[in-house]
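Residues per chain are reported as follows:
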Amino acid sequence: TMKKMVKQLTLAAPRGFCAGVDRAVRIVEVALEKFGKPVYVRHEIVHNKTVVDGLAAQGAIFVKELDEVPEGAPVVFSAHGVSRAVVAAANERHMIPVDATCPLVTKVHIEARRHADNNRHLLLIGHAGHPEVEGTMGQVSADQVTLIETVEDARTVEPPAGRHLAFATQTTLSVDDTAEIISVLQFRFPDITGPRGEDICYATTNRQKAVKDIAADVDLMLVIGASNSSNSQRLVEVAKQAGAADAMLIADKHAIAWELADQAGHIGLSAGASAPESLVQDVIQALADRYDLTVTEHGHIRETVNFKLPPILTQ
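Residues numbered from 1 in each chain as written. Predicted model: local features only at pLDDT ≥ 70, side-chain atom pairs only at ≥ 80, totals over all residues. Heavy atoms only, no water.

A. Seen up close, the packing of aromatic side chains. By the definition in use, this model includes one aromatic pair. We note Lys7 situated over the ring of Tyr291; from NZ or CZ to the ring centre the distance is 5.0 Å. (Phe/Tyr/Trp six-rings, centres within 6.5 Å; stacked < 30°, edge-to-face > 60°. Lys NZ or Arg CZ within 6 Å of the ring centre and 35° of its normal.)

B. Geometry of the sheet that holds strand 8 (residues 164-169). Strand order in the open sheet made by the three strands is 7-6-8, with parallel pairing throughout. At either margin of the open sheet sits one strand with a lone partner, and together these are strand 7 (145-148) and strand 8. In this sheet, neighbouring strand axes are inclined to one another by 25° on average, regardless of whether the strands run parallel or antiparallel. When strand 6 (residues 120-125) meets strand 8, the two strands line up parallel, connected through six bridges. Bridge pairing in strand 8 links His121 to Leu165. Each of strand 6 and strand 8 is contacted by helix 4 (residues 103-117), which is oriented at about 170° to strand 8, the strand it contacts most. (Pairing = 2+ DSSP bridges. Helix = DSSP H or I, 4+ residues; strand = E, 2+ residues; numbered from the N terminus. Axes fitted to C-alpha atoms, helices over the stretch in contact; angles between N-to-C directions. Contact = heavy atoms within 4.5 Å.)

C. Looking closely at helix 9 (residues 230-241). Its 12 residues give helix 9 an end-to-end C-alpha distance of 16 Å, which sits within 8% of 16 Å, the value for a rise of 1.5 Å per residue. Residues of helix 9 that are buried sit in contact with helix 8 (202-215), strand 9 (220-224), strand 10 (247-250) and strand 11 (266-271). Where helix 9 ends, the next residue or the one after it, Gly243, has phi of about 110°, a positive value. (Expected span 1.5 Å × (residues − 1).)

D. Expanded view of helix 2 (residues 49-57). All of the buried residues in helix 2 are Val51, Val52 and Leu55. Looking straight down helix 2, one finds its buried side chains confined to an arc of 95°; they lie on one side. Opposite the buried face of helix 2, by more than 90 degrees, sit the exposed residues Lys49 and Ala57. In the core, the buried residues of helix 2 are packed alongside helix 1 (19-35) and strand 3 (60-63). Between a side-chain oxygen at the N-terminus of helix 2 and the backbone nitrogen of Thr50 the separation is 3.0 Å; the capping residue is Asn48. Gly59, located one to two residues past helix 2, shows a positive phi value of around 120°. (Buried < 20%, exposed > 50% of the residue type's maximum accessible area, 1.4 Å probe, protein only. Arc of directions from axis to C-beta. Polar contact = N/O pair within 3.5 Å; in protein donor to acceptor, adjacent residues only side chain to side chain.)

E. Seen up close, the pairing of strand 6. Strand 6 sits mainly inside the fold: six of its six residues count as buried. Neither face of strand 6 is open: one carries Arg120, Leu122 and Leu124, the other His121, Leu123 and Ile125, and all of them are buried. The pairing of strand 6 with strand 7 spans four bridges and is parallel. Among the inter-strand pairings, Leu123 is bridged to a residue of strand 7, identified as Thr146. In this fold, the crossover linking strand 6 to strand 7 by way of helix 5 (residues 131-137) has right-handed handedness. (Right-handed = clockwise from strand over helix to strand, strands pointing away.)

F. How the structure looks around the pattern of salt bridges. What the rule picks out here adds up to 11 salt bridges. Across the pair Arg42 and Glu65 runs a salt bridge whose closest N-O atoms are separated by 3.2 Å. Of this pair, Arg42 sits in strand 2 (residues 39-42) while Glu65 sits in the loop between strand 3 and strand 4 (74-77), and the two are 23 residues apart along the sequence. Take Glu65: its relative accessible area is 37%, and that puts it in the partly exposed class. Counted as one network, the salt bridges with shared partners bring together Arg15, Glu277 and Glu297. (Salt bridge = Lys/Arg side-chain N within 4 Å of Asp/Glu carboxyl O.)

G. Just the environment of Leu313, in detail. Summarising the element assignment, Leu313 is placed in helix 12 (residues 311-314). Sequence separation between Leu313 and Ile27 is 286 residues; the distance between their C-alpha atoms is 7.7 Å. Look past the residues within four positions of Leu313 in its chain and what remains in contact with it is Ile27, Val30, Ala31, Lys34, Phe35 and Val98.

H. Molecular detail of the pairing of strand 5 (residues 96-99). Two elements, strand 4 and strand 5, share four bridges in a ladder whose sense is parallel. Bridging across to strand 5, Val75 finds its partner in Pro97. Crossover connection from strand 4 via helix 3 (residues 84-92) to parallel strand 5: handedness right-handed.

I. Region of the structure containing the side chain of Arg42. Under the relative-accessibility criterion, Arg42 is labelled buried at 10%. Among the polar contacts made by the side chain of Arg42, one reaches the side chain of Glu65 at a distance of 3.2 Å. Each residue touching Arg42, except ones within four places of it in the same chain, is listed here: Val63, Lys64, Glu65, Leu66, Val75, Val76, Ser78, Val82 and Val86.

Below you can see the structure in the form of structure tokens.
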């Protein structure tokens, strides 16, 4: 047999599941135990096919919109959160709403409503069409919020004249890019109100820092995550900005670009907040089968956050 190529693999820590994702997955499992099959879930509970397929096998039915759910059935709202209109529609059709919104997203929802109550126009920093952004914008009426996607948007936005302003952010953005957008807004609108820093969550921040710390040393950074996962996409961008020679998002071990891996002496590996650790272990095994692999882990932040299940499941 040919001698295997020697490779170094550095695992970023922390990586993978955050507390909000962990809780959302458990909510679907506990709802299935409590209500029996089927339990309906509006949108992917988290942005990961492996997770969604696993829950579907246990009896969860994933739908795009509530009109696909029978009257009176249990329906789980995804970790990304939903607008007030969705909550109202569920109540109107006598569904049993089980809210798996991450508490750190709910915190932003509460902020958004508080700004509206105080007659401030909200500038929401985030990505158009992402379910979290739709949910947060849907906390207030359409004329009370403007979406800011880029630094250019921040430079050119013309909010309603004479209104007090506030900003909030999606929880899964790039820490550095968001800081730049906020600084532009604060320069243009010195009286703008906002959270201390931004609303980006601890897990997004920690995963980006871990990737940043190893990026400059690797020839290829692999990030396990779904293409519709905001926080996973950001890890790829952060890796490139921080000096990784190359970086790519992979759904699982079957998506490894072997021609790139073969050329990389040092590979980095992380996973987005909705990617289960089993996928990480599969990728490590696939690399170890092909290469003479030395594996080290880098990063010492230990996450101890743990969120309680909603009362509807525990009473």
